[in-house]
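Each chain is listed here by its residues.
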Amino acid sequence: MRNLEEQIGAGSPRPRPIRAAGIVARWRRRGAAAPPRGLCPSDIGCSSRFGVEDYRESNTRFLLLSGEWKGLVIDGDPAAVRAVTRPIVQRNQLAVVEQFITAESIDALIKGRIDEDDIGVLSIDVDGNDYWVWRAIRSIHPAIVIVEYNYRFGPQRAVTVPYDPTFVRGRGGKPFVYYGASLAALDTLARTKGYSLVHCCRNGNNAFFVRADLRPPCVRVLSPEEAFVPGRFRELCGPDGALITNRFVDQAPLLDGLELTVVE
């Protein structure tokens, strides 16, 4: 993130301001960070997160607690929704919705709660249909979009798990590392929506896209190969419950033979 902020610089041209709307999506744990200063116009005041857990390690939490943003979070886990509602909603402009997210439902959920199309930040981390969910969103045009990518697919292949509206990571006999989309697949989709890839977080799980008409000239557009960061976190457990390797050579074989959709 520091490299991106250095590109922006204190005296660099800022994108034109846009009106605040009402959605900030989830910021994932292990490597998520607040949006780079200088890419968010100062009068944008809304964020949205999809898949919130307890919201303690959310990349949009920073914005919400600044007192100048409002947000919308959506999660299908009742326990997660309760955890968010108790401490945060009482003190901030945060709407919390309990609903399992699908490509069929997401745009209607947004339109039912946001009456502007130009918003500040959208962050998607649903551990599964991330590509399909973003593709289905048409009612809003965020300045910045943050989407989780699965580094195990590598920097070159444009692939995603096939769409399944009931997909839950780790279920149905599939390995826990089988979820989401590659960085190249998300970049392909981003370009069709008018967004440019500008950064990946240092832990290798979140990609940052900026709307092309708002990108400062000093912020360079990156190819997936240039932006790609391999995962630096561990989330696989052995038989004893202990976390095991995060090395690509150890995890990639777990995906052999599993169905993937090629994005063109």
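If you're wondering where the values come from, they're calculated on a predicted model, not measured in any experiment.

J.: Give a description of the packing of aromatic side chains that names residues and reports values.
T.: Under the counting rule described, the total for this entry stands at six aromatic pairs. Note on Trp 134 and Phe 209: the rings are 5.4 Å apart at their centroids and 50° apart in plane angle, and the pair reads as tilted. Taken together, the positions of Trp 134 in helix α5 (residues 130-136) and Phe 209 in strand β8 (residues 206-211) put the pair 75 residues apart, joining distant regions of the chain. In this pair, the class of Trp 134 matches that of Phe 209, namely buried. Positioned above the aromatic ring of Phe 176, the side-chain terminus of Arg 169 is 3.8 Å from the ring centre. In this structure, Arg 169 is placed above the aromatic ring of Tyr 179, and the distance from its NZ or CZ to the ring centre is 3.7 Å.

J.: Would you mind going over the nonpolar core in detail, with residue names and values included?
T.: Trp 134, Tyr 149 and Phe 209 are the most contacted members of the largest nonpolar core, which has 42 residues in total. If you list the elements that add at least two residues to this core, you get β2 (70-75), α4 (106-111), β4 (121-124), α5, β5 (144-148), α6 (183-193), β7 (195-200) and β8. Take this core: its biggest share by element is six residues, from α6. When residues no more than four places from it in sequence are discounted, the contact partners of Tyr 149 are Ala 181, Ser 182, Leu 183, Leu 186, Cys 200, Gly 204, Asn 205, Asn 206, Ala 207, Phe 228 and Val 229. Among the nonpolar cores identified, the runner-up in size contains eleven residues, and Val 198, Phe 208, Val 210 and Leu 214 belong to it.

J.: I'd like to hear about unusual backbone geometry, residue by residue, with values.
T.: Trans peptide bonds make up most of the peptide bonds, and negative phi angles are found at most residues other than glycine. A positive phi angle, near 55°, is found at Asp 127, a position not held by glycine. Along the chain, Asp 127 turns up in the loop between β4 and α5. Looking at Asp 127, the relative accessible area reads 15%, which means it is buried.

J.: Account for the pattern of salt bridges, naming residues and giving values.
T.: Using the criterion set out here, one finds five salt bridges in the structure. Salt-bridge contacts for Arg 169 lead to Asp 127; the nearest nitrogen and oxygen are separated by 3.8 Å. Placement of the pair is Arg 169 in the loop between β6 (159-160) and α6 and Asp 127 in the loop between β4 and α5, with a sequence separation of 42 residues. Side by side, Arg 169 and Asp 127 carry an identical accessibility label, which is buried.

J.: Residue-level account of the pairing of β2, with values.
T.: Of all the six residues making up β2, five are buried; the element is thus mostly covered by neighbouring parts of the structure. When β2 meets strand β3 (residues 94-98), the two strands line up parallel, connected through five bridges. Residue pairing across strands places Ile 74 opposite Val 97, the latter belonging to β3.

J.: Please provide a residue-by-residue account of α6, values included.
T.: Because the α-helix completes a turn every 3.6 residues, residues three or four places apart line up on one side. Buried residues dominate α6, accounting for eight of its eleven residues. For α6, every residue scored as buried is listed here: Leu 183, Ala 184, Ala 185, Leu 186, Asp 187, Thr 188, Leu 189 and Ala 190. Those residues of α6 that are buried are in contact with α5, β5, β6, β7, β8 and α7 (224-227).

Analysis parameters
Residues numbered from 1 in each chain as written. Predicted model: local features only at pLDDT ≥ 70, side-chain atom pairs only at ≥ 80, totals over all residues. Heavy atoms only, no water. Phe/Tyr/Trp six-rings, centres within 6.5 Å; stacked < 30°, edge-to-face > 60°. Helix = DSSP H or I, 4+ residues; strand = E, 2+ residues; numbered from the N terminus. Buried < 20%, exposed > 50% of the residue type's maximum accessible area, 1.4 Å probe, protein only. Lys NZ or Arg CZ within 6 Å of the ring centre and 35° of its normal. Core = buried A, V, L, I, M, F, W, Y, C linked by side-chain atoms within 4.5 Å. Contact = heavy atoms within 4.5 Å. Salt bridge = Lys/Arg side-chain N within 4 Å of Asp/Glu carboxyl O. Pairing = 2+ DSSP bridges.

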